[in-house]
Amino acid sequence: MRHLTPAFALSALQCGKQIEQFLGAIEIDGRPGLRWIALSPGRAGITIYLSEVEDVGTDAFLDITEFPSLAPEDETWGREIAVLPTPEEALHLSERELAADPQRWVNDGIVCDEYQDFRTARRSNP
């Protein structure tokens with residue numbers, strides 16, 4: 001099972017593990033891209049990062065964490081949206097403000113598999 005249940009997503013954050021979610025395709029100023037978020041525990045709380053990147057993926061290059069940002073002024077690894085004191089608050093803000101689906105969280109590193117599934121579905125349904 002790839003996706004974390006809401007309870008497991010919360011537990012992962014409480015144990016200091018990062019979770020991620022692929023949010024899908026976007027277009028910024030006519031440029032196609034992808035959007036994904038990461039929730040990363042740290043000393044100050046849970047940091048929410050939003051990445052909006054160019055869709056430069058190929059069948060051999062699926063690591064969206066390495067794709068170039070659509071906004072060059074953003075940091076190389078996403079834009080910090082917020083740092084919240086608790087995992088519950090971070091999950092709630094992600095769902096409310098960034099349209100994250102509580103049933104679609106994955107462990108760190110699995111967001112690339114989500115992108116691969118997205119590519120496969122897009123080819124099947126042009």
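Residues numbered from 1 in each chain as written. Predicted model: local features only at pLDDT ≥ 70, side-chain atom pairs only at ≥ 80, totals over all residues. Heavy atoms only, no water.

**Quick word on the environment of Phe118**
Our working definition: Going along the chain from the N terminus, every DSSP run of H or I of four or more residues is numbered as a helix, and every run of E of two or more is numbered as a strand. Contact criterion: two residues are considered in contact whenever any of their non-hydrogen atoms come within 4.5 Å of each other.
Here Phe118 is to be found in helix α3 (residues 111-124). Distance in space between the C-alpha atoms of Phe118 and Gly24 is 7.6 Å, their sequence separation being 94 residues. Once residues within four sequence positions are removed from consideration, Phe118 is found in contact with Phe22, Ala25 and Leu34.

**Some words on the pairing of strand β1 (residues 19-28)**
For the record, the criterion: When DSSP finds two or more bridges between a pair of strands, those strands are recorded as paired.
Of the strand pairs in this sheet, β1 and strand β2 (residues 31-42) are connected by nine bridges, and their pairing is antiparallel. Residue pairing in the sheet places Gly24 in a bridge with Arg35 of β2. Where β1 folds back onto β2 in an antiparallel hairpin, the turn is made up of two residues, including Asp29, whose phi is positive at roughly 50 degrees. Where β1 and strand β5 (residues 106-107) come together, two bridges link them in antiparallel fashion. Bridging from a neighbouring strand, Ile19 pairs with Asn107 of β5.

**Observations regarding the packing of aromatic side chains**
Using the following cut-off: Within 6.5 Å between ring centres, the rings of Phe, Tyr and Trp (the latter by its six-membered ring) count as paired, and their orientation is classed by plane angle as stacked under 30 degrees, edge-to-face over 60, tilted in between. Accessibility here uses a 1.4 Å probe with only protein chains present; expressed as a share of the type maximum, an area under 20% marks a residue as buried, one over 50% as exposed, and anything in between as partly exposed.
Considering all chains together, one arrives at five aromatic pairs under this definition. Ring centres of Phe22 and Phe118 lie 5.2 Å apart, and the angle between their planes is 55 degrees; on these two criteria the pair is classed as tilted. Taken together, the residues span a long stretch of sequence, with Phe22 in strand β1 and Phe118 in helix α3 at a distance of 96 residues. Considering the side-chain rings of Phe67 and Tyr115, the 5.5 Å spacing of their centres and the 85 degrees angle between planes classify their relative orientation as edge-to-face. Of this pair, Phe67 sits in the loop between β3 (45-54) and β4 (79-84) while Tyr115 sits in helix α3; the two residues are 48 residues apart in sequence, bridging distant segments of the chain. Of the two residues examined, Phe67 and Tyr115, each falls in the buried class.

**Some points on unusual backbone geometry**
Of note in this structure, Asp29 is not a glycine but carries a positive phi near 50 degrees. With respect to the helices and strands, the residue Asp29 is situated in the loop between β1 and β2. The phi dihedral of Ala99 falls on the positive side, at around 60 degrees, and the residue is not glycine. Tracing the backbone shows Ala99 in the loop between α2 (87-98) and β5.

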